[in-house]
Each structure stands twice: as structure tokens, then as C-alpha cells.
Amino acid sequence: GSKFTLSLPNQLNHNETKEFEKEIVEKSILPNLVTKVYIIEDDILFSELLKKKIESNNIQVKCFHNGNDFVASLENEIPDAIVLDINLPDISGWEVLKTIRNNPRTESIKIHIISGNTIEPNNNEIDSFHRKPFDLKIFDDLFKSKENSI
């Protein structure tokens, strides 16, 4: 079996307690837990359908309908995972992918490509590729909620 050692300080002030709690969460025993997903999809109805499906797993979801708005949002908040369409109205999903992977703050985000393209990418910069149309049940396996992960 595995042996784990946890050292706790005798006493912490309020600020130290908050910092300690944050560190514990960041070093959680469930590091692959997805709690926040961004969808970048220009089809508004389809993105809302995806959003409802992913939210059914108790995950926060935010939708973007073009690549530039999504890229700008990364200045303020970084999701755990992204569902990314390739054919966007402003910039290509491949450009969005390149932007994410070339930034040290975002390079480790899980990226799941969804596309109507018939050619599946041959690259290991993505976590999965799903050709439209696809079964929405795939999101149950891709994004486990806290309740389902334990």
C-alpha cells in the first residue's frame, strides 16, 4: 500500500488558513477533476444543448460563439477543459488551439475538439476529437463531476 504523510501547523491566522485551504484544493487527490468547462461553438442552439448536457454533471459551463472572445476571456479565468469547434466565424479553432498551447498559463487545459470536418487531426495537442454528429453521452465520460468521481 501507499503511505501518505500530512503535516499540519498548530495554529494559523485567517489569511494563512485561506491560503492553506487553497493549496490543499490545488494539490487535491483528484487532480483531473473537471469543474469548469468552456464551450467555443458558433452554433448557438448546439452550444446550449452541449451546455445543458455538461451542466447535468454538476459542472460550470460558459459558452463563447467565436474564438476571439474566448481567447480574451483567458486573461481573467482559465477553465479545466474546453470543447472547441474548428469552424468558427472569426478565427480557426486550430488558431485557438495554438494560442492555448503556446501560453504557459493555459497549455495544460484539456481540449476536446468537435467538428463537422471529415479529417481527424493527427496531433497529440488535443485530448479527444469528436466528429459531428455525435452522441452527447460522451460528455458523461469526459467530464466527471465531484459526486461521480469519488
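Here the structure is shown first, and the text comes after it.
Procedures and definitions
Residue numbers restart at each chain and count upward from 1, following the sequence in its written direction. Local features are withheld for residues below a pLDDT of 70 in this predicted model, meaning they are given only at 70 or higher, and side-chain atom pairs are given and counted only at 80 or more; totals for whole chains, interfaces and linings count all residues. Hydrogens are left out, water is left out, and the side-chain values use all remaining heavy atoms of the structure. Note on pairing: two strands pair once DSSP finds at least 2 bridges between them. Numbering of helices and strands runs from the N terminus, with a helix taken as a DSSP run of H or I at least four residues long and a strand as a DSSP run of E at least two residues long. Every axis corresponds to a line fitted to the C-alpha atoms, with the helix fit spanning only the stretch in contact, and the corresponding angles, defined between N-to-C directions, vary from 0 to 180 degrees. It only takes one pair of heavy atoms within 4.5 Å for two residues to be counted as in contact. For each residue, the accessible area found with a 1.4 Å probe, counting protein chains only, is set against the maximum for its type, and the residue is called buried under 20%, exposed over 50%, and partly exposed in between. When we speak of the arc, we mean the arc of directions from the helix axis to the C-beta atoms. Here a polar contact is recorded for every N or O atom pair within 3.5 Å, except that within protein the pair must consist of a potential hydrogen donor and a potential acceptor, and residues adjacent in sequence are included only if both atoms are side-chain atoms.

Here's the deal with the sheet that holds strand 1 (residues 36-40)
Pairing within the open sheet is parallel, and its five strands lie in the order 2-1-3-4-5. With partners counted over all chains shown, the strands left at the sheet margins are strand 2 (60-64) and strand 5 (128-131), one partner each. The sheet shows a mean angle of 15° between the axes of neighbouring strands, taken without regard to direction. Where strand 4 (residues 110-115) meets strand 5, four bridges bridge the pair, whose relative direction is parallel. In the strand pairing of strand 5, Ser115 is matched with Arg131. Those strands touched by helix 2 (residues 44-55) are strand 1, strand 2, strand 3 (81-85) and strand 4, and its axis lies near 170° from that of strand 2.

Some words on the environment of Ile111
Note on placement: Ile111 falls in strand 4. Sequence-wise, Ile111 and Phe129 are 18 residues apart; in three dimensions their C-alpha atoms are separated by 8.8 Å. Excluding residues within four positions of it along the chain, Ile111 makes contact with Ile82, Leu84, Leu97, Ile100, Arg101, Ile126, Asp127 and Ser128.

As for the pairing of strand 3
The element strand 3 is largely enclosed, with a buried count of five among its five residues. Neither face of strand 3 is exposed, since Ala81, Val83 and Asp85 on one face and Ile82 and Leu84 on the opposite face are all buried. Relative to strand 3, strand 1 is paired through four bridges, and the arrangement is parallel. The residue bridging Tyr38 from the neighbouring strand is Ile82, located in strand 3. Summarising the sheet, strand 3 and strand 4 pair through five bridges and their orientation is parallel.

Remarks on helix 4 (residues 93-101)
Among the residues making up helix 4, those that are buried are Gly93, Val96, Leu97, Ile100 and Arg101. In a view along the axis of helix 4, the buried residues occupy a sector of 125°, so they form one face of it. Where helix 4 is buried, its residues contact helix 3 (67-73), strand 3 and strand 4. Measuring from the backbone nitrogen of Trp94 back to the side-chain oxygen at the start of helix 4 gives 2.9 Å, which picks out Ser92 as the cap.

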